[in-house]
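# Coordinate analysis (summary)
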Amino acid sequence: MNAIEQFLQHEIDIGSFPSASYAIGTRDELEHTGALGNAVAVPMRIRATTDTIYDCASLTKVLITTPLVLRAFALDDRVHGYTVRELLTHTSGLRAWLPLYTFDDPLRAILEHGPECERGTRVIYSDLNFVLLWLALPGFASQARSLIASLGLRDAQFTPPAALRPRIAATEWGQRYEAAMAKAPLSGLRQGLMWGEVHDGNAWHLGGTAGHAGLFATARDVFHLVQAFARGALVPASLVAEATREQAPGRG
């Protein structure tokens with residue numbers, strides 16, 4: 001535990017991130033939790049605790065969207081022209097990202113502007129894969145709430161209410177990271193402190209999530225979601241095994 005906290009504190013001290021919260025355990029129990037640093041650094045300082053809620057960003061893909069997809073579809077089912085397996089394993093050939101909020105139709109934008117290489121030839125970690133899966137899942141929000149409730153989790157949620165803001169870690173001052181990814185001026189970028197609202201621009205413009213981002217949770221709740229998946233509580237054990245084996249050897 002000392003080594004973990006020393007590592008996290010070192011990264012906080014050199015400015016890698018302002019705070020960290022961690023949870024450690026096994027398939028059977030949660031053994032250790034802790035928190036360091038400031039969950040909010042400006043315009044005030046709020047210390048991180050084990051109850052601090054973080055924007056989990058792309059962990060949404062594996063914690064929520066993947067189990068919902070594995071419950072709803074077979075791996076060889078087709079979604080918008082791609083197999084579920086291709087989308088889950090990022091072997092669809094779709095590029096990593098597009099600012100979907102600059103297009104009138106996100107689905108059409110992905111299908112027309114998303115392909116970067118021939119499907120199955122490379123692994124390209126892509127938000128677009130999971131946006132397509134989200135578009136294919138009926139009632140994503142209600143299904144996500146049911147999954148979270150089934151585990152008795154208190155803090156995991158999408159679009160948290162304003163009353164929870166003091167417990168939520170801030171993410172960024174304006175969308176500088178996303179502007180840099182675009183490599184060109186973008187309209188619709190937010191300014192000021194992003195705190196209590198989803199950091200990802202596509203998720204924010206699409207109402208709080210698009211399957212690839214949007215989950216807010218404590219480290220404790222993240223642990224319990226992962227634990228439930230690993231134990232076969234969310235999908236059958238055969239799918240857990242399939243989801244955790246190499247799917248694209250030699251393709252990056």
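Right above here is the structure, for reference.
Description of the structure in this document. (Residues numbered from 1 in each chain as written. Predicted model: local features only at pLDDT ≥ 70, side-chain atom pairs only at ≥ 80, totals over all residues. Heavy atoms only, no water.)

Spatially, β1-β2-β3 is the arrangement adopted by the 3 strands of the open sheet, whose pairing is antiparallel. Each edge of the open sheet is held by one strand with a lone partner, namely β1 (19-25) and β3 (46-47). Contacts from helix α1 (residues 2-13) reach β1 and β2 (30-40), with the element oriented near 160° to β1. Helix α9 (residues 219-230) rests against β1 and β2 of the sheet, and its axis sits at about 35° to β1. (Pairing = 2+ DSSP bridges. Helix = DSSP H or I, 4+ residues; strand = E, 2+ residues; numbered from the N terminus. Contact = heavy atoms within 4.5 Å. Axes fitted to C-alpha atoms, helices over the stretch in contact; angles between N-to-C directions.)

Moving on: the nonpolar core. Counting 42 residues, the largest nonpolar core has Ile64, Leu88, Phe140 and Leu215 as its most contacted members. Every element with two or more residues in this core is listed here: α2 (59-72), α3 (84-88), α4 (106-113), α5 (127-136), α6 (140-150), α9 and α10 (237-243). Counting residues per element, this core draws most heavily on α5, at 6 residues. In this structure, leucine 88 is in contact with Thr66, Val69, Leu70, Leu75, Phe130 and Leu133, ignoring residues within four places of it in sequence. Ile53, Ile168, Trp195 and Val198 belong to the second largest nonpolar core, which has 11 residues in total. (Core = buried A, V, L, I, M, F, W, Y, C linked by side-chain atoms within 4.5 Å. Buried < 20%, exposed > 50% of the residue type's maximum accessible area, 1.4 Å probe, protein only.)

With that settled, the discussion passes to the pairing of β1. Residues in a regular strand point their side chains to alternate faces of the sheet. Pairing geometry for β1 and β2, over 7 bridges, is antiparallel. Within the sheet, the bridge partner assigned to alanine 20 lies in β2 and is leucine 36. Hairpin connection of β1 to β2: 4 residues between the antiparallel strands.

A separate point is unusual backbone geometry. Valine 42 connects to proline 43 through a cis peptide bond whose omega is 0°. For proline 43, the location among the structural elements is in the loop between β2 and β3. With a phi angle near 50°, alanine 57 is a residue other than glycine that sits in the positive phi range. Within the element layout of this structure, alanine 57 appears in the loop between β4 (54-55) and α2.

Turning to its location among the elements, arginine 47 is positioned in strand β3. By relative accessible area, which is 54% here, arginine 47 ends up exposed.

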